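# Analysis of the macromolecular model
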Protein chains: 2
Amino acid sequence: MSEPAARAQTVGFIGLGIMGRPMAHNLLRAGHRLVVHSRSRPPVDELVAAGALRAASPAEVAEAAATVITMLPDTPDLESVVEGPDGLLAHVHAGDLVVDMSTVDPLATRRIGAAFGERGAGYVDGPVSGGEKGAIEGTLSIMAGGSEADFERARPLFEVLGGTIVHVGPIGAGQVTKAANQLVVGVTIEAVAEALALAAAAGVDAVKVRQALLGGFAASRVLEVHGQRMLDGAFAPGFRARLHLKDARIIEHTAAELGVPTPALAVALDGFRALADSGRGELDHSALYLLRSVGRPAGEET
Amino acid sequence: MSEPAARAQTVGFIGLGIMGRPMAHNLLRAGHRLVVHSRSRPPVDELVAAGALRAASPAEVAEAAATVITMLPDTPDLESVVEGPDGLLAHVHAGDLVVDMSTVDPLATRRIGAAFGERGAGYVDGPVSGGEKGAIEGTLSIMAGGSEADFERARPLFEVLGGTIVHVGPIGAGQVTKAANQLVVGVTIEAVAEALALAAAAGVDAVKVRQALLGGFAASRVLEVHGQRMLDGAFAPGFRARLHLKDARIIEHTAAELGVPTPALAVALDGFRALADSGRGELDHSALYLLRSVGRPAGEET
């Protein structure tokens, strides 16, 4: 195979953390030729042992692969992979495709996507939900932004990694959708926490209250799943409070830039920060309940 | 029929407002002998024309009926019907049953219930959800508090008035459940309003965002129903913002008494107050969206 032909058929993967590592394995297993890069060495060694090629920098990934997936912890991590002399942007070729699956700032996403566009490369933002379990099982929900053509190019990769795949709109629309999702989930957890804490403090059986509420307009997946965690005092993650704090900060920044008031998000953000500041950031985000409960376990009737 | 026998088989109904009037009609239609009282005259005349007996005061209701249902706008209204020389408490007989279906303060409910208990009368709190439509159709959801025996005595009346009937716990448990319900619904509306306003302000199609969110952990009845109202700009009630403001004030007071922090409730309460203060209190509670939207209709993509 000629070098350009090999490059066209190679997928780059940058960021082999809790999410990225199993996603890269899934791409390998699906038969993709993969070149990987990550800040820490052990997951790179592991992927190389499984058949991937090693790259020492984002630049080397861009030189080896015409399609590059990034899966990074936060906006500055993405920026450092994209920018600078060893960054993707300086080494991308016209006609390439960059697919960022991190959860990052929607407005930064638009700027980055536009910068790739100026170099003739396509860009798709495809943040996910479904957590480590979804990454391992290849059942992530993917909310994508980008042109119709770029989305169609990314789709075969998304189909390896995800179950539900929605193309919401142009570049950034995936990140906006993820932001809306994390806003609603975070604030709904806070709502359920306050309500069940109130019931417990009033000496009413919160198990029955949750059951009664599930029958009406208060019904939600959060009341179902996270409400049950609160009743059980079961706060092993799931989705960690410190990661929801990160997402909430992104949303707050985006909302501020757009002039949208988000006072309920601010409440949830304060809660996630209080958990992180008190050494409970590794607990599930439903641990917001611990900040509202006045001592009585929710499941215990008096 | 002897006077005591007639009294035993008569149901009193106090409060013939938007909710109480159709509920009283349903009891009449179900064959109950009914004595009614209300502050305003026209609904009393209407019920009398339909076959009910007229009472000039709560005292007259208590003298005529061994079971009395109250359906009043707020806690002070209930207190004024219960207390004083013409109030229910001064005229209730031992063995009678008082069933309050208003949405009022859970802690006041306990005090009032205990006062009736001291006079040998039973007390059940059975606040409802389902609105005017549920009241007319006899399909209200009823969340009840009281002893098992008193609840069983109230059940045949509840079955005329409601669809879903849940006995949550002792006196006050119905009001606590209603408070928890209104807290979750109010805060979830705020969450959905902020999220869809954010999506619209970012120029992303909020119709697609709502659809994507309904597939995951952000899913809720509120996102489904009230989210659609926000997309349509359709804020005809439904449940009026000023009534949710009243409920939110009750919840805030109860939470403060119990020492439960409810910062997200406070955000929703501020929103309902802002709607009421700006002459929009008669709109549906989903009109919280109007406070977060920065001008672009949610359903319009840019």
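Since this is a predicted model, take the numbers as computed values, not measurements. Once a new chain begins, its residue numbering starts again from 1 and follows that chain's sequence as written. As a convention, the first chain written is A and the first ligand written is 1, with the rest following in written order. Confidence filtering applies because this is a predicted model: local features only for residues at pLDDT of at least 70, side-chain atom pairs given and counted only at 80 or more, and all residues used for totals across whole chains, interfaces and linings. Working from all heavy atoms in the structure, the side-chain values ignore hydrogens and water.

A tally of helices and strands in chain A yields 15 helices and nine strands. Taken against the 2.2 N^0.38 rule, which gives 19 Å for 302 residues, the C-alpha radius of gyration of chain A at 21 Å falls within 12% of a compact globule. With the C-alpha coordinates of chain A rotated into their principal frame, the extents come out at 75 × 45 × 35 Å. Under the scheme applied here, a residue whose accessible area is under 20% of the maximum for its type counts as buried, over 50% as exposed, and between as partly exposed, the area being computed with a 1.4 Å probe on protein chains only. For chain A, the proportion of its 302 residues judged to be buried stands at 58%. For every accessible area listed, the method is Shrake-Rupley and the probe measures 1.4 Å; residues are considered covered only by the protein chains on display. Here chain A displays about 11,100 Å² of accessible surface, and carbon together with sulfur accounts for 53% of that area. Where helices and strands are cited, they refer to DSSP runs of H or I of at least four residues and of E of at least two residues respectively, numbered from the N terminus. To get the radius of gyration, use the C-alpha atoms; to get the globule rule, take the number of residues to the power 0.38 and multiply by 2.2 Å.

For the bond running from Pro237(A) to Gly238(A), omega is 10°, close enough to zero to count as cis. As for its placement among the helices and strands, Gly238(A) is situated in the loop between helix 12 (221-232) and helix 13 (241-258).

Let us now look at the relation of the copies chain B and chain A. Copy-to-copy alignment: least squares on C-alpha atoms, limited to residues at pLDDT 70 or above in both. With an RMSD of 0.1 Å, the operation that places chain B on chain A is a rotation of 180° combined with a shift of 0.0 Å along the axis. Taken together, the turn and the small shift mark the pair as related by a two-fold rotation axis. When C-alpha distances to the rotation axis are compared across chain B, the minimum falls at Ser220(B), with a value of 2.0 Å. In this assembly, 100% of the residues forming the interface of chain B have copies in chain A that are likewise at the interface, indicating an isologous arrangement. The criterion used for residue contact is that any of the two residues' heavy atoms lie within 4.5 Å.

Glancing now at the pattern of salt bridges. Where charged atoms from two side chains of opposite charge approach closely, those side chains can pair. Residues and elements named next belong to chain A. Salt-bridge detection follows one rule: a side-chain nitrogen of Lys or Arg within 4 Å of a carboxyl oxygen of Asp or Glu. Evaluated as defined, the whole model comprises 28 salt bridges over all chains. A salt bridge links Asp 45 to Arg 54; the nearest nitrogen and oxygen atoms lie 2.8 Å apart. For Asp 45, a relative accessible area of 31% corresponds to the partly exposed category. Taking the shortest distance from any N to any O, the salt bridge between Lys 133 and Glu 137 comes out at 3.8 Å. You can see Lys 133 and its partner Glu 137 sitting in helix 8 (residues 131-137), four residues apart, about one turn around the helix. Looking at Lys 133, the relative accessible area reads 57%, which means it is exposed. Taken together, the shared-partner salt bridges connect Arg 41, Asp 45 and Arg 54 into one network.

In this section: the interface of chain B and chain A. The interface is formed by 56 residues belonging to chain B together with 56 residues belonging to chain A. Summed over both partners, the accessible area lost on bringing two parts together, with a 1.4 Å probe, is the buried area. Interface area for chain B against chain A, summed over the two sides, is near 4,600 Å², with a carbon-plus-sulfur share of 76%. The largest per-residue losses of area from chain B upon contact with chain A belong to Glu194(B), Leu198(B) and Phe217(B), which jointly make up 15% of the total buried on that side. For the pair chain B and chain A, the interface holds zero salt bridges. Polar contact criterion, stated in full: a pair of N or O atoms within 3.5 Å, where within protein one must be able to donate a hydrogen and the other to accept it, and residues adjacent in sequence count only if both atoms are side-chain atoms. Linking chain B to chain A there are eight residue pairs in polar contact (both at pLDDT 80 or more). Breaking the side of chain B that touches chain A down by element, the ones donating at least two residues are strand 9 (162-169), helix 10 (173-201), helix 11 (206-213), helix 12 (221-232), helix 13 (241-258), helix 14 (263-277) and helix 15 (288-292) of chain B. Under the scheme applied, nonpolar residues are Ala, Val, Leu, Ile, Met, Phe, Trp, Tyr, Cys and Pro; charged residues are Asp, Glu, Lys and Arg; polar residues are all the others, including Gly. Grouping the amino acids of the side of chain B that touches chain A by side-chain chemistry returns 39 nonpolar, 10 polar and seven charged.

All names here are of chain A. Two rings from Phe, Tyr or Trp (for Trp, the six-membered ring) form a pair when their centres sit within 6.5 Å of each other. Planes less than 30 degrees apart are called stacked, planes more than 60 degrees apart edge-to-face, and all others tilted. Applying the stated criterion across every chain, the model contains four aromatic pairs over all chains. When the centroid spacing of 5.6 Å and the interplanar angle of 15° are considered together, the rings of Phe 116 and Tyr 123 count as stacked. Judged by its relative accessible area of 0%, Phe 116 is buried. Overall, the relative accessible area of 1% leaves Tyr 123 in the buried class.

Turning to the domain arrangement of chain A, a few remarks are in order. Residues and elements named next belong to chain A. As annotated, the domain borders come from an automatic or database domain assignment. Along its sequence, chain A is carved into domain 1 (3-169) and domain 2 (177-292). Here the C-alpha centre of domain 2 lies 30 Å away from the C-alpha centre of domain 1. Domain 1 puts 12 residues into the contact, and the matching count from domain 2 is eight residues. Together, the buried faces of domain 1 and domain 2 total about 990 Å²; carbon and sulfur atoms form 65% of this surface. Counting the surface domain 1 buries against domain 2, the share from its top three residues, Thr 103, Leu 107 and Met 143, is 43%. For the interface between domain 1 and domain 2, the tally reads zero salt bridges. Summed over the shared surface of domain 1 and domain 2, the number is five residue pairs in polar contact (both at pLDDT 80 or more).

Residues and elements named next belong to chain A. Locating Glu 282 in the fold gives a position in the loop between helix 14 (263-277) and helix 15 (288-292). For Glu 282, a relative accessible area of 40% puts it in the partly exposed group. Expressed as a C-alpha distance, the spacing of Glu 282 and Ala 179, which sit 103 residues apart in the sequence, is 21 Å. Leaving out residues up to four positions away in the same chain, Glu 282 has contacts with Pro 237, Arg 240 and Arg 242.

Only protein atoms enter the 1 Å grid, on which a cavity is a set of points fitting a 1.4 Å probe that cannot get out and a pocket is an open set with protein on both sides within 12 Å along at least 5 of 7 lines, lining residues being those with an atom within 4 Å of a point. Grid points are joined across faces, edges and corners, and a volume is the space filled by probe spheres set on the points. With the rule as written, the count across this model stands at two cavities of 30 Å³ or more. Taken as a whole, the largest cavity holds about 40 Å³ of empty space. Thr103(B), Val104(B), Gln175(B), Lys178(B), Ala179(B), Gln182(B), Asp247(B), Ile250(B) and Ile251(B) are the residues that line the largest cavity. Residue assignment for the lining of the largest cavity shows that the elements contributing at least two residues are helix 10 and helix 13 of chain B. If you tally residues by element for the lining of the largest cavity, the top one is helix 10 of chain B, at four residues. The residue makeup of the lining of the largest cavity, split by class, is four nonpolar, three polar and two charged. Roughly 40 Å³ of volume is contained in the second largest cavity. Forming the boundary of the second largest cavity are Thr103(A), Val104(A), Gln175(A), Ala179(A), Gln182(A), Asp247(A), Ile250(A) and Ile251(A). Those elements that place two or more of their residues in the lining of the second largest cavity are helix 10 (173-201) and helix 13 of chain A. Taken together, the residues of the lining of the second largest cavity sort by class into four nonpolar, three polar and one charged.

What follows concerns helix 7 (residues 106-118) of chain B. Residue and element names in this part refer to chain B. Here a helix's expected span is defined as the number of its residues, less one, multiplied by 1.5 Å. The terminal C-alpha atoms of helix 7 lie 18 Å apart, and with 13 residues this matches the ideal 18 Å at 1.5 Å per residue to within 8%. By the burial criterion, the buried members of helix 7 are Pro 106, Leu 107, Ala 108, Thr 109, Ile 112, Gly 113 and Phe 116. Taken together, the buried residues of helix 7 touch helix 5 (75-82), helix 6 (88-91), strand 5 (97-100), strand 6 (122-125), helix 10 and helix 13. Near the N-terminus of helix 7, the side chain that reaches the backbone nitrogen of Leu 107, with its oxygen 2.7 Å away, is that of Asp 105.

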